[in-house]
Amino acid sequence: MDLQTLKVFQTVAKLGSISQAARELQYAQSNITMKIQQLEAELQTTLFYRHNRGTALTAKGRMLLTYAEKIFHLIEETKSVMNDDQSPKGPLMIGSMETTAAVRLPVLFSKYLKNYPDVDLTLKTGSTKENILGVLNYKLDGAFVAGPIANMELIQKDVFEEELILVTNPVHSPIFTIEDIQDETLLVFRPGCSYRERLEQWFRTEGACPKKMMEFGTLDGIIGCVTAGLGISMLPQSVVAKQITEGTLRQHQIPSSFSKVKTLFIYRKDKYLPSSLIKFINMMDDLRES
């Protein structure tokens, strides 16, 4: 099994099409087909189901893709190790929840890029679940997620503690119990958001069920719709402090057992830490302690 053939397999697996893989790799389609057939013969297994819309991985194919991605990651990591002269530079991909990115990260990112201008720092926002998968699959160098999490493959560092509150438009009546919001429309992020999970957990604990949920992809969308009176949401107090002070939103406390949530920074235990990531972690620690 050579690396070129493994790369062909990986490309077909990701694109789900031999013809698309041929265009991506600039190979003749017949060469792609031949290499896949040779690989299947060598491994004595079927790697793809063929259908009129393209290809789909078999169970063994999915297993091989996992190993292929690890192999290519190790090759890239080896190059990084050999080329790392301990001067922070090159790409650094950081994941974050949107709420954390909006309030907590601008100062950190600004200071980091000022000190290390040769680093190509990229921020990718997503839910806690998406960010954990991104780190585990080597798509992200590190990520800010909501704790607690339990995964032996990850190193996790406490960064912030957030206080979750309910937010409504400013004329909403006071909220004291779960019954006060049971018939409200709850404005939430997509599944995988830890704050949404905390809100749903509160309902389950109280034996209640929300009447209606509306999913949003952005923080601004949720805040705008809450302000307009479309529904209510559970968000970190730090995210909406400005709107509460200005009087465009009203905050309501929730039980303490659901209100405190830690923000963690995670990265893989087995991943080589480039100097760019080491400096990022050190700066993050310095800002947290200051």
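All figures in this text were calculated on a predicted structure; none of them were measured in a lab. (Residues numbered from 1 in each chain as written. Predicted model: local features only at pLDDT ≥ 70, side-chain atom pairs only at ≥ 80, totals over all residues. Heavy atoms only, no water.)

Comments concerning helix α6 (residues 105-115)
Alright, step 1. Where α6 is concerned, the buried positions are Leu-105, Leu-108, Phe-109 and Tyr-112. All buried residues of α6 lie within an arc of 95° about the axis, which places them on one face of the element. In α6, those exposed residues whose orientation departs by more than 90 degrees from the buried face are Val-107 and Lys-114. (Buried < 20%, exposed > 50% of the residue type's maximum accessible area, 1.4 Å probe, protein only. Helix = DSSP H or I, 4+ residues; strand = E, 2+ residues; numbered from the N terminus. Arc of directions from axis to C-beta.)

Here we look at the domain arrangement of the protein chain
Alright, step 1. For the protein chain, the assigned domains are domain 1 (3-60), domain 2 (82-161 + 262-287) and domain 3 (162-260).
Alright, step 2. For domain 1 versus domain 2, the separation of C-alpha centres amounts to 34 Å. (Domains from an automatic or database assignment.)

Describing a nonpolar patch on the surface
Alright, step 1. Side chains of Leu-3, Met-63, Tyr-67 and Ile-71 sit close together on the surface and give an oily, nonpolar patch of about 400 Å² of accessible area.
Alright, step 2. Secondary-structure assignment places Ile-71 in helix α4 (residues 59-83). (Patch = residues over 30% accessible without salt bridge, like charges linked within 9 Å, V, L, I, M, F, W, Y side chains within 5 Å. Areas by Shrake-Rupley, 256 points an atom, 1.4 Å probe, with all protein chains shown as cover. Salt bridge = Lys/Arg side-chain N within 4 Å of Asp/Glu carboxyl O.)

Considering the pattern of salt bridges
Think of it this way: side chains of opposite charge can pair up when their charged atoms draw near.
Alright, step 1. Counted by the stated rule, this structure contains 11 salt bridges.
Alright, step 2. Of the charged contacts in the structure, one is a salt bridge between Arg-268 and Asp-270, with a shortest N-O distance of 2.7 Å.
Alright, step 3. Here Asp-270 falls in the partly exposed class, since its relative accessible area comes to 46%.

Some points on the environment of Arg-198
Alright, step 1. Within the fold, Arg-198 resides in helix α8 (residues 194-205).
Alright, step 2. Residues Arg-198 and Phe-258, 60 residues apart in the sequence, show an inter-C-alpha distance of 6.5 Å.
Alright, step 3. Setting aside residues up to four positions removed in sequence, Arg-198 forms contacts with Gly-147, Leu-164, Met-234, Ser-257, Phe-258, Ser-259, Lys-260 and Val-261. (Contact = heavy atoms within 4.5 Å.)

With respect to the packing of helix α2 (residues 18-25) against helix α3 (residues 29-43)
Alright, step 1. The contact between α2 and α3 brings their axes to 8 Å, and the two run at 110°. As far as their axial angle goes, α3 and α2 are roughly perpendicular. Here the hand of the crossing between α2 and α3 comes out right-handed. Residue-level inspection shows Ile-18, Ser-19, Ala-21, Ala-22 and Leu-25 of α2 in contact with α3, the latter providing Gln-29, Ile-32 and Thr-33.
Alright, step 2. The residue makeup of the contact of α2 with α3, split by class, is 5 nonpolar, 3 polar and no charged. (Axes fitted to C-alpha atoms, helices over the stretch in contact; angles between N-to-C directions. Parallel < 35°, antiparallel > 145°, perpendicular 65-115°, else oblique. Left-handed = near helix turned anticlockwise from the far one by under 90°. Nonpolar A, V, L, I, M, F, W, Y, C, P; charged D, E, K, R; others polar.)

Considering the packing of aromatic side chains
Alright, step 1. Per the stated rule, a full pass over the model turns up 10 aromatic pairs.
Alright, step 2. Through successive ring pairs, a cluster of aromatic residues spans Phe-109, Tyr-112, Tyr-116, Phe-144, Phe-265, Tyr-267 and Phe-280.
Alright, step 3. Lying across the ring of Tyr-67, Lys-70 places its NZ or CZ 5.7 Å from the centre.
Alright, step 4. Across the ring face of Phe-160, the terminal group of Arg-104 is positioned such that the distance to the ring centre comes to 4.8 Å. (Phe/Tyr/Trp six-rings, centres within 6.5 Å; stacked < 30°, edge-to-face > 60°. Lys NZ or Arg CZ within 6 Å of the ring centre and 35° of its normal.)

Observations regarding the environment of Thr-177
Alright, step 1. Note that Thr-177 resides in the loop between β6 (154-168) and β7 (185-189).
Alright, step 2. When its relative accessible area of 34% is taken as the criterion, Thr-177 is described as partly exposed.
Alright, step 3. As a C-alpha pair, Thr-177 and Glu-206 span 29 residues in sequence and 9.4 Å in three-dimensional space.
Alright, step 4. A polar atom in the side chain of Thr-177 sits 3.0 Å from the side chain of Glu-179. (Polar contact = N/O pair within 3.5 Å; in protein donor to acceptor, adjacent residues only side chain to side chain.)

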